[in-house]
Amino acid sequence: MEPINVDGGKGTIKLGADEIIYLVWKPGIVLDGDDVHGAMATLNELAAGSEYPMLVDMGTTKAVTRQAKSAFQIPCAASRIALLGSSPVDRVIANFTIARQALPCPTRFFTSREDALNWLLPTPLP
């Protein structure tokens, strides 16, 4: 599937062949509440009533506003969310958001894409 632009044009979202939703924010953006609401609406439309694990690439995001952090509390079609960042600043932003809010699904921060995908994908049965 080709990536779909999120309302506001600050990111793209797509459903991968691995049944993971990929949300990628554009480099250098300031993420606000409208951006998160737009991404969630696109995700819900794409999921069409199902739930999927989601990888959010926020590695080049400049900042996340308070309104954006609050919007993460709203349930959407994500069954679990892996936040992928690239710096200690990303980790601080993500962990602060995760620790201070009641999130609607399991959410963790990773700096390794491989670790994030392993956490999102179901464990194979022996």
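Quick note: structure is the one above.
All values reported here derive from a predicted model rather than from experimental measurement.

*Asks:* Explanation requested: the sheet that holds strand β5 (residues 52-57) in the structure shown.
*Replies:* To summarise the sheet geometry, strands pair through backbone hydrogen bonds and adopt either a parallel or an antiparallel arrangement. On the basis of which strands lie adjacent, the open sheet formed by six strands has the order β1-β2-β3-β5-β7-β8 and mixed pairing. Looking at strand neighbours, the two that pair on one side only are β1 (4-5) and β8 (107-110), the edges of this open sheet. Bridge count between strand β7 (residues 78-84) and β8: four bridges; the pairing is parallel. Across the sheet, Ile-81 pairs through a bridge with Thr-107, a residue of β8. Set on the sheet, helix α1 (residues 33-47) makes contact with β1, β2 (11-15), β3 (21-25), β5 and β7; between it and β3 the angle comes to about 155°. Running at roughly 170° to β7, helix α4 (residues 113-120) makes contact with β3, β5, β7 and β8 of the sheet.

*Asks:* Is there a simple way to think about the environment of Ser-50 in this case?
*Replies:* Assignment of secondary structure puts Ser-50 in the loop between α1 and β5. As for Ser-50 and Ala-77, which are separated by 27 residues in sequence, their C-alpha atoms are 6.5 Å apart.

*Asks:* So what exactly am I meant to see when it comes to α1 here?
*Replies:* Every α-helical turn comprises 3.6 residues, leaving residues that sit three or four positions apart pointing alike. The terminal C-alpha atoms of α1 lie 21 Å apart, and with 15 residues this matches the ideal 21 Å at 1.5 Å per residue to within 8%. Of all the positions in α1, only Gly-33, Asp-35, Val-36, Gly-38, Ala-39, Met-40, Thr-42, Leu-43, Leu-46 and Ala-47 are classed as buried. N-capping of α1 is provided by Asp-32, with a side-chain oxygen placed 3.1 Å from the backbone N of Asp-34. Backbone geometry just after α1 places Ala-48 at a positive phi near 50°.

What counts and what doesn't
- Residues numbered from 1 in each chain as written.
- Predicted model: local features only at pLDDT ≥ 70, side-chain atom pairs only at ≥ 80, totals over all residues.
- Heavy atoms only, no water.
- Pairing = 2+ DSSP bridges.
- Helix = DSSP H or I, 4+ residues; strand = E, 2+ residues; numbered from the N terminus.
- Contact = heavy atoms within 4.5 Å.
- Axes fitted to C-alpha atoms, helices over the stretch in contact; angles between N-to-C directions.
- Expected span 1.5 Å × (residues − 1).
- Buried < 20%, exposed > 50% of the residue type's maximum accessible area, 1.4 Å probe, protein only.
- Polar contact = N/O pair within 3.5 Å; in protein donor to acceptor, adjacent residues only side chain to side chain.

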